[in-house]
Amino acid sequence: MAAPAGTHPQARDTRLADTMVRLTHVVRRAFADASRAHDLTPVQAELLCVLTTGRTTMTELSHLLDIEKSSLSGLVDRAERRGLVRRAQLPGDRRRYHVELTRDGERVALACHHEVTGRLEALARGLPATSRKHLAAGMAHLIAAHEAERLQRDARTPSSPSHPAVQTGRDP
């Protein structure tokens, strides 16, 4: 990571950020390994795992998976062709859809989710219960801060689904 202009590279303590970057690789590897076992791509495994909590709108999926809607549409199309998910229009809005798991998709999603969470829990098994609790709370705080930042950014972006002009149907 580059240090801000005017500071010495060692002046900042980047151990936490560096560790978080390395942790993303560990999580990606867990999804990659689980996806291979089910003939999925890692992002397909992520999609199915996200859907284990219930049906979700395409907009929410785009935010949760951090991918553009056009890429998400292709991802959902491929999962739909495999019989893993289905789309349904939201009542009262012909333009919006939610995505949900099919029975086969639920079976695969739960298996992937179990494999990913099992692998990640196994990594943390050696931590004392108090440390695990603090780590979970700290990560939850970081996720909430990220979501708040995304909502603020989206509110400033006229094409964003959460921008007031888009929500009311007015042109920005």
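Every chain begins its residue count from 1, and numbering advances along the sequence as written. Residues qualify for local features only when their pLDDT is at least 70, as the model is predicted, and side-chain atom pairs are given and counted only at 80 or more; totals for whole chains, interfaces and linings, by contrast, use all residues. Only hydrogens and water are removed before side-chain values are computed, so all heavy atoms of the structure are retained for them.

1. Brief notes about a nonpolar patch on the surface
Next, step 1: Put simply, a patch holds well-exposed residues, over 30% relative accessible area, that have no salt bridge, with like charges counted together within 9 Å and Val, Leu, Ile, Met, Phe, Trp or Tyr side chains within 5 Å. In short, Shrake-Rupley with a 1.4 Å probe defines the accessible areas, and a residue's cover is counted only from the protein chains shown. Note on definitions: salt bridges are taken to be side-chain nitrogens of Lys or Arg within 4 Å of carboxyl oxygens of Asp or Glu. Taken together, Leu23, Val26, Leu123, Leu127, Leu135, Met139 and Ile143 make up a surface patch of nonpolar side chains, about 600 Å² in accessible area.
Next, step 2: Breaking the nonpolar patch down by element, the ones donating at least two residues are α1 (15–37) and α6 (129–156).
Next, step 3: Where helices and strands are cited, they refer to DSSP runs of H or I of at least four residues and of E of at least two residues respectively, numbered from the N terminus. Per-element tally for the nonpolar patch: the top contributor is α6, with three residues.
Next, step 4: The topology assignment puts leucine 135 in helix α6.
Next, step 5: Think of it in three bands: residues with accessible area under 20% of the maximum for their type are buried, residues over 50% are exposed, and the middle band is partly exposed, with areas taken using a 1.4 Å probe on protein chains only. A relative accessible area of 41% means that leucine 135 is categorised as partly exposed.

2. Considerations on the environment of glutamine 44
Next, step 1: Its location among the elements puts glutamine 44 in helix α2 (residues 42–51).
Next, step 2: Considered as a pair, glutamine 44 and phenylalanine 31 are 13 residues apart in the sequence and their alpha carbons are 9.3 Å apart.
Next, step 3: Should any heavy atoms of two residues lie within 4.5 Å, those residues are counted as being in contact. For glutamine 44, the residues in contact, after removing those within four places along its chain, are Leu75, Arg78 and Arg82.
Next, step 4: Here a polar contact is recorded for every N or O atom pair within 3.5 Å, except that within protein the pair must consist of a potential hydrogen donor and a potential acceptor, and residues adjacent in sequence are included only if both atoms are side-chain atoms. Reaching out from glutamine 44, the side chain makes a polar contact with the backbone nitrogen of threonine 41 at a distance of 2.8 Å.

3. A short note on the nonpolar core
Next, step 1: Only buried residues count toward a nonpolar core, which is a set of Ala, Val, Leu, Ile, Met, Phe, Trp, Tyr and Cys residues joined through side-chain atoms within 4.5 Å. Counting 25 residues, the largest nonpolar core has Leu47, Leu48 and Val85 as its most contacted members.
Next, step 2: Put simply, the parts of the chain that give this core at least two residues each are α1, α2, α3 (58–65), α4 (69–81), β3 (93–101) and α5 (103–124).
Next, step 3: With six residues, the top contributor of residues to this core is α2.

4. Thoughts on the pairing of β3
Next, step 1: Paired strands, in this sense, are two strands between which DSSP finds at least two bridges. In the sheet, strand β1 (residues 56–57) pairs with β3 via two bridges, with the strands oriented antiparallel. The partner of threonine 57 across the bridge, within β3, is histidine 98.
Next, step 2: Taken together, strand β2 (residues 85–90) and the strand that follows it, β3, pair antiparallel across an intervening segment of two residues, in which glycine 92 is found at a positive phi of about 80°.

5. What to know about the layout of surface pockets
The probe, sized like a water molecule, is rolled over the atoms to show the empty space still left.
Next, step 1: Taken as a whole, the largest pocket encloses approximately 2500 Å³ of empty space.
Next, step 2: Grid spacing is 1 Å over the protein atoms alone, the probe is 1.4 Å, and a cavity is where that probe fits but cannot get out, while a pocket is an open set with protein on both sides within 12 Å along at least five of seven lines and lining residues have an atom within 4 Å of a point. Lining the largest pocket we find 50 residues, and of these Thr24, Val27, Glu46, Leu64 and Ile143 sit closest to its centre.
Next, step 3: Contributions of two or more residues to the lining of the largest pocket are made by α1, α2, α3, α5 and α6. Grid points are joined across faces, edges and corners, and a volume is the space filled by probe spheres set on the points.

6. Focus: α2
Next, step 1: Most of α2 is tucked away, with seven of its 10 residues classed as buried.
Next, step 2: Here α2 has its buried residues at Gln44, Ala45, Leu47, Leu48, Cys49, Val50 and Leu51.

7. Comments concerning the state of the cysteines
Covalent bonding between the sulfur atoms of two cysteines defines a disulfide.
Next, step 1: A pair of sulfur atoms, both from cysteines and within 2.5 Å, is called a disulfide here. Counted under the stated rule, the structure contains zero disulfides.
Next, step 2: Left unpaired, cysteine 49 is separated from the closest cysteine sulfur, that of cysteine 112, by 5.5 Å.
Next, step 3: Accessibility expressed as a relative area gives 8% for cysteine 49, which makes it buried.

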